[in-house]
Amino acid sequence: MLDLFSDLWGFMKVRKKFWLAPIIIIMLLLGVLIVLSQGSAVAPFIYTLF
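What counts and how
Residues numbered from 1 in each chain as written. Predicted model: local features only at pLDDT ≥ 70, side-chain atom pairs only at ≥ 80, totals over all residues. Heavy atoms only, no water. Helix = DSSP H or I, 4+ residues; strand = E, 2+ residues; numbered from the N terminus. Buried < 20%, exposed > 50% of the residue type's maximum accessible area, 1.4 Å probe, protein only. Areas by Shrake-Rupley, 256 points an atom, 1.4 Å probe, with all protein chains shown as cover. pLDDT = per-residue confidence, 0-100. Phe/Tyr/Trp six-rings, centres within 6.5 Å; stacked < 30°, edge-to-face > 60°.

What about the overall build of the protein chain?
And step 1. A tally of helices and strands in the protein chain yields three helices and zero strands.
And step 2. For the protein chain, the succession of helices and strands along the chain, N to C, is α-α-α.
And step 3. Residue burial in the protein chain is summarised as follows: out of 50 residues, 8% are buried.
And step 4. Only carbon and sulfur atoms are counted for the fraction: they give 77% of the accessible area of the protein chain, which is about 4,400 Å².

Written out as structure tokens, the structure reads:
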């Protein structure tokens, strides 16, 4: 998993695609939010956002 992030960072550094970093971070945070809220009482409120 760490190798994936290292390759992704290397790609962004070489190709000067630093604008991809905020998009990737937001997607990861949303994925973590969905995974962590699946078994809780907050889940119905999270899914109404999407």
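Observations concerning the confidence of the model for the protein chain
And step 1. Across the protein chain, pLDDT averages 83, with 88% of residues at or above 70.
And step 2. At the level of individual helices and strands, the protein chain shows its lowest average pLDDT in helix 3 (residues 43–47), which scores 70, and its highest in helix 1 (residues 2–15), which scores 89.

Concerning the packing of aromatic side chains
How two aromatic rings sit relative to each other is set out by the distance from centre to centre and by the angle between their planes.
And step 1. Using the criterion set out here, one finds one aromatic pair in the structure.
And step 2. Consider the rings of tryptophan 9 and phenylalanine 18, whose centres lie 5.7 Å apart with planes at 55 degrees: the pair is tilted.
And step 3. A residue is classified by how much of its surface remains accessible, and tryptophan 9, at 45% relative accessible area, is partly exposed.

Looking at unusual backbone geometry
And step 1. Even without being a glycine, lysine 16 presents a positive backbone phi close to 60 degrees.
And step 2. If you trace the backbone, lysine 16 turns up in the loop between helix 1 and helix 2 (20–36).
And step 3. Residue classification places lysine 16 among the exposed positions, given a relative accessible area of 61%.

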